[in-house]
Each structure stands twice: as structure tokens, then as C-alpha cells.
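Here is how the chains run, residue by residue.
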Amino acid sequence: MAKIIDGKVISAAVKEKIAAEVRGLKEKGIVPGLAVIIVGEDPASKVYVSNKKKACEQLGMYSVEYALPENTQIDELLKLIDNLNKDSKINGILCQLPLPRHLDEDAVINAILPEKDVDAFHPVNVGKIMNGDYDFLPCTPAGIMEMLEYEGIDVTGKNCVVIGRSNIVGKPMAMLLLHKNGTVTITHSKTKDLAAFCRNADILVAAVGRAKFVTEDMVKEGAVVIDVGINRMADGKLCGDVDFDAAEKKASYITPVPGGVGPMTIATLMKNTLTAAKKQNKIV
Ligand code: GUN
């Protein structure tokens, strides 16, 4: 049976360190501030945004939410971002994705100042990550790396297989595993015999967005299985991209859903907001 990697426990440890630093900054009159923008009514996005705001409050950070209607036009959104870029109380800006289809996500990402881009989605930050010299790391992949480190799982020389090639998870995840000397394969919907790649993985990261996509036959005996998926089932329950009950029998480590990667994403966002506040206030 696999050891469960508990994202709630690990994220609590990370957040405690951040809270201590926030208390130290407050003595200098600095309060890290995060602006979160959400456009439209996507129920999952609403939950994520509310969790992000709650985490700010819990850690003593300032946060402000802009909940904009579905029919918001790009000019209004870009104007809001421009104002937040100039607002000294705001150190980090996050626009929850996906956006409604009529809004150009790239235009929005490009409009956020790189130094306030706590998602690390701006091309400047993406380029820095590629070069291995960065200020921020994207929240979900960095949270996963933190989990591996916490559990003492060494990536060097391991076969790492990432399922999914999104800009938010798959691509940066592959890069961070590569930085830690993993041998990395990115698989996706067009991959031929995807199961064969997965069966060869010492570390398998599933970020496909399909419930129970990873079945028992795709998991190597002793593999580390990281589940990024959060899928809502017909009965209302949350389910990952991995068939947990089956994979747990073969894996050495596995993350649950919920309570695995999700809390780590938020902890990393808090870390990035703290880093942004320190940099903008010239505290190294
Ligand atoms: N949508 C899903 N994950 C994320 C994330 O990490 N940041 C933003 N902005 N949107 C998301």
C-alpha cells in the first residue's frame, strides 16, 4: 500500500513559515497584498478564488477580489489590471483561468506586470523558468516539487512522465522535474500507447482533467503517483485523474483528491505573493 502524501499537512507547514515572515514584514509596515480577478460564474473557479482569499486572510495578507460579470469586455479587464499594476498596496495580481471564450487569455496574462505575476504565467517569467533563473514558480508544479522534497523523494535519474501539456501545469511541471535531473516525458491526447509510457514512470504526474483516467495497469509497481485532477462526479463528490483505490495498491507514494496537490497550489501562491512584496519593497 502506498504512503499518502498529505497536502494539508505539508501546506500547513509551508504556510506557517510564510505567516511568520508576514508578521516580520508587518513590523516594518509592509503588508503583502494580492488582487484576485474572476470573470463569470464558473463554480469551480469560484471555489478556488474563495480559497485563495481565505489563505491570504489566514496568513495576515491583504487581499481584494474583483468578481466581474461574464460579459466583461477585454478593455475593462485590461484597465483594471493597469490600475492594479500601479497600486502600491497590491504586490500580486492573479486572474483566474479559464476566462470566458470571448476574452483573450494571452492579452490578459501579458498585461500583468511580470513582478506582480504571482502565477508565473507571463512570458518573461516563463522564459526565466526555462533558464532556471526565476523569482516565481507556477503554483501547482512548484507545490508538487515541494511535496516530493518534503517526502524525501529524489528526482535525479528517475523516469518522470507528465500526462497533460497545459501552460499551467504540464509544461512547467516537466521543466521543474528536469531542473531536478529527472528524465522527463510529456504525454498528451495524441500520444501513441500512452499507457506504455505511464507504466515506465517512476514518477507519474496526471494533469488531464478526466476522472480516473489513470488506471491500475498504467501504474508501475513502486511508482510515485501525483494527481493534479479535480473532477466533479455526478454524485457531487470530487475525484482525481487517477483511480485512487487501484493505484494505491501499486504505488509507493500517492496524493489524494481532495487534500493532495490543491492545498499546495495555494501555499505556493502565498509564497509567491510574499516574494513579490519583499522584492517590491527591496527586501531580499
Ligand atoms: N486555473 C487553474 N489553475 C490556475 C492557477 O494556478 N492560476 C490561475 N490564475 N488560474 C488557474
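Predicted, not measured: the structure shown is a model, and the values here were computed from it.

1. A look at the overall build of the protein chain
The secondary structure content of the protein chain amounts to 10 helices and 11 strands. Here the C-alpha atoms of the protein chain give a radius of gyration of 19 Å, agreeing with the 19 Å that 2.2 N^0.38 yields for 284 residues. Judged by the C-alpha coordinates and their principal axes, the protein chain covers about 50 × 40 × 40 Å. Counting contacts in the protein chain only where the partners sit at least 6 residues apart, residues at least 24 apart contribute 71% of the total. In the form shown here, the protein chain has an accessible surface area of approximately 13,600 Å², with 53% of it arising from carbon and sulfur atoms. For the protein chain, the separation between the mean place of its 35 positive charges and that of its 36 negative charges on side chains is 2 Å.

2. Some details on the packing of helix α1 (residues 7-27) against helix α6 (residues 139-150)
Between α1 and α6, the least distance of the axes is 11 Å, while the angle of their chain directions is 100°. It follows that α1 is roughly perpendicular to α6 by the angle criterion. Of the residues in α6, those in contact with Gly7, Val9, Ile10 and Val14 of α1 are Glu146, Met147 and Tyr150. Grouping the amino acids of the contact of α1 with α6 by side-chain chemistry returns five nonpolar, one polar and one charged.

3. Some remarks on the nonpolar core
The biggest cluster of nonpolar side chains holds 51 residues, and the ones touching the most others in it are Ile18, Leu34, Leu148, Leu177, Val205, Ile226 and Met270. Tallying contributions element by element places helix α10 (residues 261-280) first for this core, with eight residues. Ignoring sequence-local partners within four residues, the contact set of Leu34 consists of Cys56, Tyr62, Ser63, Val64, Ile90, Gly92, Ile93, Leu94, Val118, Leu269, Met270 and Thr273. Grouped together as the second largest cluster of nonpolar side chains are 19 residues, Ala35, Leu80, Val108 and Ile112 included.

4. Topic: the site of the ligand
Looking at the ligand, the residues that line it are Lys52, Leu94, Cys95, Gln96, Leu97, Asp119, Phe121 and Ile168. Take Gln96: an N or O atom from its side chain is 3.3 Å from a nitrogen atom of the ligand. Contact distances for the ligand include 2.9 Å between a nitrogen atom and a backbone N or O atom of Leu97. Taken by itself the ligand offers 280 Å² of open surface, and the protein chains cover 84% of this.

5. A short note on helix α3 (residues 74-86)
For α3, with 13 residues, the first-to-last C-alpha span of 19 Å sits near the 18 Å given by 1.5 Å per residue. Each element contacted by the buried residues of α3 is listed here: β2 (33-39), β3 (62-68), β4 (92-95) and α4 (105-111).

6. Here's the deal with the pattern of salt bridges
According to the stated counting rule, one finds 11 salt bridges in the structure shown. In this structure, Glu151 and Lys3 form a salt bridge, with 2.7 Å as the shortest nitrogen-oxygen distance. Of this pair, Glu151 sits in the loop between α6 and β5 (159-163) while Lys3 sits in strand β1 (residues 3-4), and the two are 148 residues apart along the sequence. Looking at Lys3, the relative accessible area reads 43%, which means it is partly exposed. Across the pair Lys279 and Asp135 runs a salt bridge whose closest N-O atoms are separated by 3.2 Å.

7. Here we look at the sheet that holds strand β8 (residues 224-227)
Across the sheet, six strands lie side by side as β1-β11-β8-β7-β5-β6; this open sheet has parallel pairing. Of all the strands in the sheet, the pair left with one neighbour each is β1 and β6 (183-187). Note that β8 and strand β11 (residues 253-254) share two bridges and pair parallel. Paired with Val225 across the strands is Ile254, a residue of β11. Strands β5, β6 and β7 (203-206) of the sheet are contacted by helix α7 (residues 170-179), whose axis makes an angle of about 170° with β5.

8. A word on the environment of Cys239
Along the chain, Cys239 turns up in strand β10 (residues 238-239). You can call Cys239 buried: its relative accessible area is 7%. As a C-alpha pair, Cys239 and Gly170 span 69 residues in sequence and 19 Å in three-dimensional space. Those residues in contact with Cys239, other than ones at most four positions away along the chain, are Ala211, Lys212, Gly229, Ile230, Asn231, Met233 and Val257.

About the criteria used
Residues numbered from 1 in each chain as written. Predicted model: local features only at pLDDT ≥ 70, side-chain atom pairs only at ≥ 80, totals over all residues. Heavy atoms only, no water. Helix = DSSP H or I, 4+ residues; strand = E, 2+ residues; numbered from the N terminus. Rg over C-alpha atoms; globule rule 2.2 N^0.38 Å. Contact = heavy atoms within 4.5 Å. Areas by Shrake-Rupley, 256 points an atom, 1.4 Å probe, with all protein chains shown as cover. Lys, Arg positive; Asp, Glu negative; His and termini not counted. Charge placed at Lys NZ, Arg CZ, Asp CG, Glu CD. Axes fitted to C-alpha atoms, helices over the stretch in contact; angles between N-to-C directions. Parallel < 35°, antiparallel > 145°, perpendicular 65-115°, else oblique. Nonpolar A, V, L, I, M, F, W, Y, C, P; charged D, E, K, R; others polar. Core = buried A, V, L, I, M, F, W, Y, C linked by side-chain atoms within 4.5 Å. Buried < 20%, exposed > 50% of the residue type's maximum accessible area, 1.4 Å probe, protein only. Near = heavy atom within 4 Å. Polar contact = N/O pair within 3.5 Å; in protein donor to acceptor, adjacent residues only side chain to side chain. Expected span 1.5 Å × (residues − 1). Salt bridge = Lys/Arg side-chain N within 4 Å of Asp/Glu carboxyl O. Pairing = 2+ DSSP bridges.

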